[in-house]
Amino acid sequence: MMNKKIMTSIKLQKALHHKLQQRIINDNYGMRGKSKWIIEAIEAFLLLPDYPSLVDIADDMDHLNEIVSIRMPESVLEKIEQAIINIRRQYPSMEGVKSNLIRASILQRLIRGNTSVTEVDLTD
């Protein structure tokens, strides 16, 4: 079965969106590589042992007025759904968990430097 792609969209702050666009270009993903970059960011993020608390930090963002659309494979959405369950256990009152998780993933990849899932060093 082909891995179906599902459109999802999130809101970002203008400055963060700009940084993201710059980074996607700098990382040589090309303008069409945005979804791929974000998907890799999510997959790496979900390997971090403390990801729920990092999502909680992203919950405090405001001025989210730029909309970013992402084409995601179903398999990645399933991982996200699983992660949402884990996050809700720790933060039952959090709203918009999925968007916060994607925002936190983007943020962490921007902070942590140019790592794809295969290069993530979980030791530090």
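Residues numbered from 1 in each chain as written. Predicted model: local features only at pLDDT ≥ 70, side-chain atom pairs only at ≥ 80, totals over all residues. Heavy atoms only, no water.

(A) Layout of unusual backbone geometry. A positive phi angle, near 60°, is found at Asn-28, a position not held by glycine. Mapped onto the fold, Asn-28 is located in the loop between α1 (14-26) and α2 (34-45). Even without glycine at this site, His-63 takes up a positive phi of about 55°. (Helix = DSSP H or I, 4+ residues; strand = E, 2+ residues; numbered from the N terminus.)

(B) The pattern of salt bridges, seen in detail. For the structure on display, the rule yields six salt bridges. The closest approach of N and O atoms between Lys-4 and Glu-74, which form a salt bridge, is 3.6 Å. With Lys-4 in the segment before β1 (5-12) and Glu-74 in helix α4 (residues 74-90), this residue pair connects regions lying 70 residues apart in the sequence. Classification of Glu-74 by relative accessible area gives partly exposed; the value is 23%. The salt bridge partner of Glu-43 is Lys-79, with a shortest N-O separation of 2.9 Å. Residue Glu-43 is found in helix α2, and its partner Lys-79 is found in helix α4; the two are separated by 36 residues along the sequence. The exposure class of Glu-43 is partly exposed, given its relative accessible area of 22%. For Lys-79, a relative accessible area of 41% translates into the label partly exposed. (Salt bridge = Lys/Arg side-chain N within 4 Å of Asp/Glu carboxyl O. Buried < 20%, exposed > 50% of the residue type's maximum accessible area, 1.4 Å probe, protein only.)

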